[in-house]
Amino acid sequence: VKSRMEGDLEDCLLNKVDLRRQWISQMVEEVQKVVHHLTTEISYQDFRFQAIPYCDTYNENIKVLAPTQFLITVPMRGLAGYREARQQRWRYYSLKGARLPCPLQDPEGLQQWLEVKQFLKSPGQWHEADVNIEGDIVPAKVLQVFRKLVENAIETCHLSGRVRMLMDRLVVRVVVETSAGQVELQLTPSVDIPTAWSKKAQWPSCLKRWPSPETVQCIKSFGFSLLACSSYHWQLSFLRAEQVLLEQLDEDGGCRRKCFQALRQMKEDVWCPGTRPVITSYHLQTVLFWTCEKYPYPKDWQVFTRGFLRLVRKLHKCVSEHFLKHFFVRKSNLLQYASSRELDALAQTLAFFLKDPQISLP
């Protein structure tokens, strides 16, 4: 029975993962062209936003969260020489600049404030009132400027037939028509900080065997980013570091990547399909990292079925408990704002699958 189940899972992986790769590659290629046109125009209109180049290979500014849901990080230009703030003073403003009398919400593990004086180099444009209030670079104001630039660029680039804005108060979202269907993009301004590792990311924990100390140093050398995707706080992001970790998964000859691809395929096809799934590829990637840390040895990743089901059990545990720690900033729960109803439904689906993995295979 076990060998037949493994064969079924292997076939599912080989057939569907290849089809997914072709489909996603086609959409990414078309989305890249649109994003390149839009950001080139935006950069021409406002120096602070950088154009995203077209890449034949992996584009670090495009993160596929689900087959029809992409995160696009738009680098911001001119800020260099970042230093951690010695003291965090949490200040809150209206978009017009009026100081609000008390905090509206406490900052969380992945959030931080950003002052222009934290950078050794900051051109005059970053001191302008359209993004700066009393020395603070406010993400809500950056998004306000950016949203208008995106709207104008869609018209200027004659893309209104293929691209339309979505109404969203906090972030900038557009829908792009591709030959393979509609794709929803979240366009997020990003302050890249390649010269430092965030003090909030107390990683790795002591005595962990995965990844190796050499890999840890390599990963930390890529720094981090701050994303403008909320009103008051900048959100820490480690997309580059996470990509390096993914690329070095199976240097010991294991099957971690294969298990992850199978997990993602089952999630997208059976367990949690849809345009805005409660669990994205990013959540699955985090489940993978935690499982690799718990099972660090090559022998743990020699048998595909064991590795795959180990990931499914970890995912089921996280979904059932509504709790998935960020891999680098461990005080942050990635499922904190996820729908409890959707998480509970997914937990039940995963429980059924774990009782008999063959029955649920597509």
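Residues numbered from 1 in each chain as written. Predicted model: local features only at pLDDT ≥ 70, side-chain atom pairs only at ≥ 80, totals over all residues. Heavy atoms only, no water.

1. Quick notes on the UniProt feature "domain: Mab-21-like HhH/H2TH-like" (unreviewed entry) in the protein
Next, step 1: Feature annotation in UniProt assigns "domain: Mab-21-like HhH/H2TH-like" (unreviewed entry) to the following positions: residues 255–350.
Next, step 2: The distance separating the terminal C-alpha atoms of residues 255–350 is 22 Å; by composition the span is 61% helix and 0% strand. (UniProt positions renumbered as here; feature names shortened; annotations may be inferred. Helix = DSSP H or I, 4+ residues; strand = E, 2+ residues; numbered from the N terminus.)

2. Here we look at the packing of aromatic side chains
Next, step 1: Applying the stated criterion to the full structure yields 18 aromatic pairs.
Next, step 2: Ring centres of Phe 238 and Phe 328 lie 5.2 Å apart, and the angle between their planes is 55 degrees; on these two criteria the pair is classed as tilted. Of this pair, Phe 238 sits in the loop between strand 12 (234–237) and helix 4 (239–247) while Phe 328 sits in the loop between helix 7 (304–321) and helix 8 (340–355), and the two are 90 residues apart along the sequence.
Next, step 3: Classification of Phe 328 by relative accessible area gives buried; the value is 0%.
Next, step 4: Linked through ring pairs, Tyr 82, Phe 119, Trp 197, Trp 203, Trp 210, Phe 224, Phe 238, Phe 289, Trp 290, Phe 327 and Phe 328 together constitute an aromatic cluster.
Next, step 5: One residue, Arg 48, lies across the ring of Trp 126, its end atom 5.9 Å from the ring centre. (Phe/Tyr/Trp six-rings, centres within 6.5 Å; stacked < 30°, edge-to-face > 60°. Buried < 20%, exposed > 50% of the residue type's maximum accessible area, 1.4 Å probe, protein only. Lys NZ or Arg CZ within 6 Å of the ring centre and 35° of its normal.)

3. Points about the packing of helix 3 (residues 213–220) against helix 4
Next, step 1: Look at helix 3 against helix 4: their axes get within 9 Å of each other, and the N-to-C directions meet at 150 degrees. Both helix 3 and helix 4 take part in a crossing whose hand is right-handed. Touching Thr 215, Cys 218 and Ile 219 of helix 3 are Ala 241, Val 244 and Leu 245, all from helix 4.
Next, step 2: Class assignment of the residues belonging to the contact of helix 3 with helix 4 gives a composition of five nonpolar, one polar and no charged. (Axes fitted to C-alpha atoms, helices over the stretch in contact; angles between N-to-C directions. Left-handed = near helix turned anticlockwise from the far one by under 90°. Contact = heavy atoms within 4.5 Å. Nonpolar A, V, L, I, M, F, W, Y, C, P; charged D, E, K, R; others polar.)

4. A few points about unusual backbone geometry
Next, step 1: The omega angle of the peptide bond from Trp 203 to Pro 204 is -5 degrees, so this bond is cis rather than trans.
Next, step 2: Mapping Pro 204 onto the fold places it in the loop between strand 10 (181–193) and helix 3.
Next, step 3: In this chain, Trp 210 is followed by Pro 211 through a cis amide linkage whose omega measures -10 degrees.
Next, step 4: Structurally, the position occupied by Pro 211 is in the loop between strand 10 and helix 3.
Next, step 5: Residues other than glycine seldom take positive phi values, yet His 158 does so here, at roughly 55 degrees.

5. Here we look at the pairing of strand 11 (residues 224–227)
Along any regular strand the residues' side chains alternate between the sheet's two faces.
Next, step 1: Going residue by residue along strand 11, you find Phe 224 and Leu 226 tucked away on one face and Ser 225 and Leu 227 tucked away on the opposite face as well.
Next, step 2: Where strand 10 lies against strand 11, four bridges are found, and the strand directions are antiparallel. Bridge pairing in strand 11 places Asp 192 opposite Ser 225.
Next, step 3: From the end of strand 11 to the start of strand 12, which pair antiparallel, there are six residues. (Pairing = 2+ DSSP bridges.)

6. A closer look at helix 3
Next, step 1: Three or more residues of helix 3 are buried, namely Thr 215, Val 216 and Ile 219. Seen along its axis, helix 3 keeps its buried residues to an arc of 105 degrees; they face one direction. In helix 3, the exposed positions angled more than 90 degrees off the buried face are occupied by Pro 213, Glu 214 and Gln 217. (Arc of directions from axis to C-beta.)

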